[in-house]
Structures are given as C-alpha cells and as structure tokens.
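Fold and geometry: a report
If you want the building blocks of each chain, they are given just below.
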Amino acid sequence: MYFRDIIGQDELKRQLIRSAHEGTVPHARLFCGKAGTGAFPLALAYARYLNCTGRSETDACGRCPSCLKYNGLIHPDLHFIFPIVAVKERKKQICDDYLPEWRSFLATHTYFDLNLWLSHMDALNKQALIYARESNDILHKLSLRIYEATFRVLFIWMPERMHPTCANKLLKMIEEPPQNTLIFMVSEEPDRILGTVLSRAQRINVGPIAAEALAKTLEQPPGELPAEEALRQARLSHGDYLRMMENIHISEENEFFLQQFIRVMRNSWARNVKEMRAFADDMAGIGRERQKNFLSFCQRLIRENFACRFNAGEMNYMTAAEQTFSERFAAYVNERNVFDFVSELSTAELHIARNGHAKMIFFDLALRITVLLKK
C-alpha cells in the first residue's frame, strides 16, 4: 500500500511524510479510526515510506529492494500481529500460522474490517482474539537483529482484542523497544485497549474521509455513477469507504438486520411475548460477531430516527428502505427515550462481547424496548 492508494486524508499524509523527513518518528504509534476511514493502509504506507531508499516528496518509489519486498509483505523486518481463531486440529494457533492467508487478504483488500478477515479465514461466526501465547513470539522476533531495513516495524491490528496477559507482557517492549524498532497499532475501539498500553503510544486520530474525495472513487471509471449520486452516497456513508460500498451494494446482511429491527420493535410495541422469545431464539443462532453488528446497526438507526424529528434533510443518513420504515417509526423515538434506547442496545452489545447468554440478552432487550416505546 502506498500513500496514493489512500482515499483523502491529505493532511495526515503530509503530517506523516513531514515526520519522516524531519526524523521525528515516535517508537510507538496508535492509529485510531473506523475500518473504512483508512487507518490501516495509512499506517502501512507510512512504514513503507520510512524504509524506502528512493522515496519522493510524496510517496515511496515502488522500485527499491525494500518496496519490492513490501509489495509482497515478505520483508524480513516487517511483522504482523492480528486477531485469529485458534484451531488446534489445523495447527493454527498463532498469527504466523495464518501469514499466507493474511498476505493474500491484504493483497486484495486495501480497506477491510474484522468481518471481512473472519470470512477470509472461514470463521465468520467465531470470535477472533490475539491470544496470550502471541506475546512470546513477538518478544522473540524483536530480540533478533534487524536484517536490512532502516526501521523494523511491528504492526498490531486491533490491539483492543489482545488478551490481557499478552498486553501486559508487551508493556516493557512497547515503552522501550529495541533500537530502530517501530510499533504501529491500528485500533477501531481505542477505549477498549488496556490503559497502560494506550499511554505508551502516540495517538493519531484518523477521521472520516471528506465526502468529495469519496465521491471521486465512485465516478471512476468515468460514468460509473453521476456526480450528484456519487456525492449523495458519500454523504450517506459518514466518511466511511466500507459503509459507502455496502450502501451501494445493499447486502443480504443489511436487509436481514433491518428486518430484525422492524420485527423486534413491532413485537415489543404489541407486547407479543411469544414472538419476542422467537426473536431471541433466532438471534442467538447467528454468531456473536453478527449479533454485535446487529446491535450496532440498531443504535445507528435509533439515532437516525431521532434526527428525523428535526425535518432536516441534510441530517438524514439512511438508505431508502430504512427511511420508508422510519416515516412512521420516528414518532416513537423522542427526547424522553432516545438515550435509554442507545444505552440498552450498547449494554446488550457489551454483554454479547463478554460471552453472555445470547438468548437471555436478546429476550431481556425486547422486554426493555416494550417499556421504552411507551415513553
């Protein structure tokens, strides 16, 4: 990945390039941002640029020995740590066991999230973690000498998914890594990272991509989408490339989430306990990652329905199907219940993440919604 591959984020690119030229490169950096804003490709392009021997004022050359090895992600001084699903039967228990899959995944995905990676691993309904045993492998790698790079770079993607034992073992190394060793962490939820890890890294917030920059990607090749429609889709995505592509190619997953949202709201309003139990049973069977994604989807839709009350078109970020349902439902989301709605949904998401009993969580949520809808 090169700086030129990253959509927008021009100011951050200039900031990183300037730090490379001035030699003010901190040993530990935390790139924070949603998957679709480009935090990971930005960090990887930065690592490439730092080690490029023929770099220009704006990007790496792509021709030097370092760049050629970065192209295939096979540079001996480039290491990756990322969430995996340990499978003893297939002898896949640490990140290195998944390196071939990881390299092929990055070769075809500039922007990606955990669900795309889980799908690539054939583990869509499982929880991925950075396991405790990973710390020993990291410490061993960084104890070796640097082979040929100016900077050895360790990437930790989604450090919020590190087992506490792993995180605690790495504290000293993050604070004082070996000479010319850089640690780049890329996080979507920095508030979930262990505080002692968070305090040892210089944070860079990667914000939403400018709508104009996103829109340009939809106008290529010329005629792909009319300029006005491209800009509308870019606005709808809140500066998130992945969300924009999902909105354009509405997936069965999004349709399923909307139908389940409508289902639970209608059954809770009608106090149909039998159907609420059926809803909880169905949701318990879709896997924890999809359950969390559904609850996140619900939180967004509640916020959008509350915004509908202000009759401001520029504040509308819903798809056509979502807007059709919201024309009537928005009346039930108001200043008396909107914060409680979001609180209950986020609490349910937290309980799911902590391996709570899904059937009980979703049934309890449906009951609580019954009360909130009457406010």
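Starting afresh in each chain, residues are numbered from 1 along the sequence in its written order. Per-residue local features are limited, in this predicted model, to residues with pLDDT of at least 70; the limit for side-chain atom pairs, both in listing and counting, is 80 or more; totals at the level of whole chains, interfaces and linings are taken over all residues. Hydrogens and water are ignored here; the side-chain numbers use all heavy atoms of the structure.

Things to note about the sheet that holds strand 4 (residues 181–187)
Strand pairing requires that DSSP identify at least two bridges connecting the strands. Each helix is a run of DSSP H or I of at least 4 residues and each strand a run of E of at least 2, with the numbering of both proceeding from the N terminus. An order of 2-3-4-1-5 is seen for the 5 strands of this open sheet, with the pairing classed as parallel. Sheet topology places strand 2 (78–81) and strand 5 (202–205) at the edges, where each strand pairs with a single neighbour. Shown here is a sheet whose adjacent strand axes are inclined to one another by a mean of 20°, direction ignored. Across 5 bridges, the pairing between strand 1 (residues 28–32) and strand 4 is parallel. Bridge pairing links C32 to S187 in strand 4. The sheet contacts of helix 1 (residues 10–22) involve strand 1 and strand 5, and relative to strand 1 the element is tilted by about 175°. The axes are straight lines fitted to the C-alpha atoms, using for helices just the contacting stretch, and the angles between their N-to-C directions are given from 0 to 180°. Contacts between residues were defined by any pair of non-hydrogen atoms, one from each residue, lying within 4.5 Å.

A word on the confidence of the model for the chain
For every residue, the pLDDT score states the predictor's confidence, bounded by 0 at the bottom and 100 at the top. Scored by pLDDT, the chain has a mean of 88; 94% of the residues are at 70 or more. Element-level pLDDT for the chain is lowest in helix 10 (residues 227–236), with a mean of 79, against a maximum mean of 95 in helix 17 (residues 358–373).

Side note on the pattern of salt bridges
By convention in these notes, a salt bridge is any Lys or Arg side-chain nitrogen within 4 Å of a carboxyl oxygen on Asp or Glu. According to the stated counting rule, one finds 17 salt bridges in the structure shown. For R300, the salt bridge identified is with E322, shortest N-O distance 2.7 Å. Within this pair, whereas R300 is found in helix 14 (residues 288–308), its partner E322 is found in helix 15 (residues 320–329), the two being separated by 22 residues in sequence. Assigned by exposure class, R300 and E322 land together as buried. Each of D96, D137 and K141 takes part in a single network of salt bridges with overlapping partners. With a 1.4 Å probe rolled over the protein chains alone, any residue whose accessible area is under 20% of its type maximum counts as buried; one over 50% counts as exposed, and the rest are partly exposed.

Details of the packing of aromatic side chains
Pairs were defined over the aromatic rings of Phe, Tyr and Trp, the Trp ring being its six-membered one, requiring ring centres within 6.5 Å. Orientation was assigned from the angle between planes: stacked under 30 degrees, edge-to-face over 60, tilted for the rest. Inspection of every chain in the model, using the stated rule, returns 31 aromatic pairs. Consider the rings of Y98 and W117, whose centres lie 6.4 Å apart with planes at 70°: the pair is edge-to-face. Here W117 lies in helix 5 (residues 114–120) and Y98 lies in the loop between strand 2 and helix 4 (99–108), a separation of 19 residues in the sequence. When its relative accessible area of 2% is taken as the criterion, Y98 is described as buried. Using a relative accessible area of 0% as the deciding quantity, one classes W117 as buried. In this scheme, Lys NZ or Arg CZ marks a charge over a ring once it lies within 6 Å of the ring centre and within 35 degrees of the ring normal. The ring of Y2 is capped by R48, whose NZ or CZ atom sits 3.9 Å from the centre of that ring. Here R277 stacks its cationic end above the ring of F363, 4.5 Å away from the centre of that ring.

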